[in-house]
Amino acid sequence: AETRRAYENALKDFMNFTGIQNPEEFRIVTRAHIIAWRDDLLSRTLSSMSIRHRLAAISSLFEYLCEKNTVTHNPVKGVKRPAVESYEGKTPAIGDHQARELLDAPDGSSLKGKRDRAILATLLYHALRRDELCRLKVKDFKQERRGVPHMKISGKGGKTRYLPLHPAASGLIHDYLDAAGHGLEDTGALFRSASNNRDKESQKPITPDGVYKLVQRYSEKLGFKIGAHSLRATAATNALDHQADIAKVQEWLGHANIATTRIYDHRKTRPEDSPTFKVAY
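A short tour of the structure in this document, coming up. (Residues numbered from 1 in each chain as written. Predicted model: local features only at pLDDT ≥ 70, side-chain atom pairs only at ≥ 80, totals over all residues. Heavy atoms only, no water.)

Quick look at the overall build of the chain now. When helices and strands are tallied, the chain shows eleven helices and three strands. When the helices and strands of the chain are placed in sequence order, the string is α-α-α-α-α-α-β-β-β-α-α-α-α-α. Principal-axis analysis of the C-alpha atoms places the extent of the chain at approximately 70 × 65 × 40 Å. By the burial criterion, 38% of the 281 residues in the chain qualify as buried. Relative to all contacts within the chain whose residues are 6 or more apart in sequence, the contacts with residues 24 or more apart total 55%. Summing over all exposed atoms, the chain offers an accessible surface of approximately 16100 Å²; the carbon and sulfur share of this is 51%. Computed over 46 positive and 34 negative side-chain charges, the separation of the two mean positions in the chain equals 2 Å. (Helix = DSSP H or I, 4+ residues; strand = E, 2+ residues; numbered from the N terminus. Buried < 20%, exposed > 50% of the residue type's maximum accessible area, 1.4 Å probe, protein only. Contact = heavy atoms within 4.5 Å. Areas by Shrake-Rupley, 256 points an atom, 1.4 Å probe, with all protein chains shown as cover. Lys, Arg positive; Asp, Glu negative; His and termini not counted. Charge placed at Lys NZ, Arg CZ, Asp CG, Glu CD.)

Structure (structure tokens):
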């Protein structure tokens, strides 16, 4: 959904710039139109990565049109794209002690606190996207492979992956389900909106926005305001710190390209790992 939204925004921007009113006009788009649009994007002081993403969206459209024999060529091909200063991710990863503080932040005696602890643990131990967590059903938490408890994840692009369930997260999810009372509703949402937890008829899941605000609220109380995606970056960084193979981390995160996984690898930013300190005379 997020990718479609980004592509739609890029397409609308291009159409507004070129004055395209109907689909047939894409046939007369030339390389000059693309270059003029790129230069206009640069003049708007957009980041290099944002401009590259927009050009990639238009290029994908023309590749599709070429495949359908609707246009003769892709005018985006060969157009120079702005250089990116760094491929490091901008999403901050928190430290191990901060992650532990965050897990302990919710009040474990209340139903909402139990739910929030289970959600934070699921994000920190399994590096899920917000949408993936919100789509979880009760039955997805009860999977088993080779005798090991697994969680079934419905990922980006309709891809499914199975992740071993971390014991710490498993215990907190069980505590939440016992308190909420919907552990036997296999087709119901695993994590539910707090206002609906006691409503046995409701299976309304927590929303991605709700997850974002939940993480933001607890982290702000602890003095480091972050969003839910930071927990994904934290989990990936922690796994890599503890010698997890980056190809395995790629599968774990559900990335199609290992270059995307490298963005989550914050190890190279640590001064103590610099080759400077490996030099010895």
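That was the structure; now back to the text.
The next subject is the environment of K152. As for its placement among the helices and strands, K152 is situated in strand β2 (residues 148-154). Since its relative accessible area comes to 26%, K152 is described here as partly exposed. Counting along the chain gives 20 residues from K152 to E132, while the straight-line C-alpha distance between them is 9.8 Å. Discounting residues that sit within four places of it in the chain, K152 has contacts with L136, D140, Q143, T160, R161 and Y162.

Another point: helix α3 (residues 48-67). When the terminal C-alpha atoms of α3 are compared, their 28 Å separation across 20 residues agrees well with the 28 Å that a helix rising 1.5 Å per residue should span. Among the residues of α3, those classed as buried are I51, L55, A57, I58, S59, F62 and L65. Tucked into the core, α3 has its buried residues touching α1 (2-18) and α2 (31-43). In the segment just after α3, N69 is the residue with positive phi, at about 60°. (Expected span 1.5 Å × (residues − 1).)

As summarised here, the arrangement of the three strands in space is β1-β2-β3, forming an open sheet in which the pairing is antiparallel. Single-partner strands in this sheet number two, and they are β1 (143-145) and β3 (160-164). Going across the sheet, the axis of each strand differs from the next one's by a mean of 45°, ignoring polarity. The pairing of β1 with β2 spans three bridges and is antiparallel. Residue pairing for β2: R145 is matched across the bridge by V148. (Pairing = 2+ DSSP bridges. Axes fitted to C-alpha atoms, helices over the stretch in contact; angles between N-to-C directions.)

Let's shift gears to the pattern of salt bridges. Once their charged atoms are close, side chains differing in charge can pair, the charge on each being opposite to the other. Going through the model one piece at a time under the given rule, you end up with 14 salt bridges. Among the ionic pairs, D13 bridges to R54, the shortest N-O distance being 3.5 Å. With D13 in helix α1 and R54 in helix α3, this residue pair connects regions lying 41 residues apart in the sequence. Judged by relative accessible area, which is 16%, D13 ranks as buried. The partly exposed category is assigned to R54, whose relative accessible area is 23%. Across the salt bridge formed by R161 and E132, the nearest N and O atoms sit 2.9 Å from each other. With R161 in strand β3 and E132 in helix α6 (residues 130-135), this residue pair connects regions lying 29 residues apart in the sequence. A relative accessible area of 11% means that R161 is categorised as buried. (Salt bridge = Lys/Arg side-chain N within 4 Å of Asp/Glu carboxyl O.)

Residues F191 and L231 are the most contacted members of the largest nonpolar core, which totals 48 residues. Counting only elements with at least two residues in this core, the list comes to α4 (96-104), α5 (111-126), α6, β2, α7 (167-180), α8 (208-221), α9 (229-241) and α10 (246-253). No other element matches α5, which puts seven residues into this core. In contact with L231, not counting residues within four places along its chain, are I94, L102, L120, L123, L124, V215 and I226. Among the nonpolar cores identified, the runner-up in size contains 15 residues, and F14, I58, F62 and V76 belong to it. (Core = buried A, V, L, I, M, F, W, Y, C linked by side-chain atoms within 4.5 Å.)

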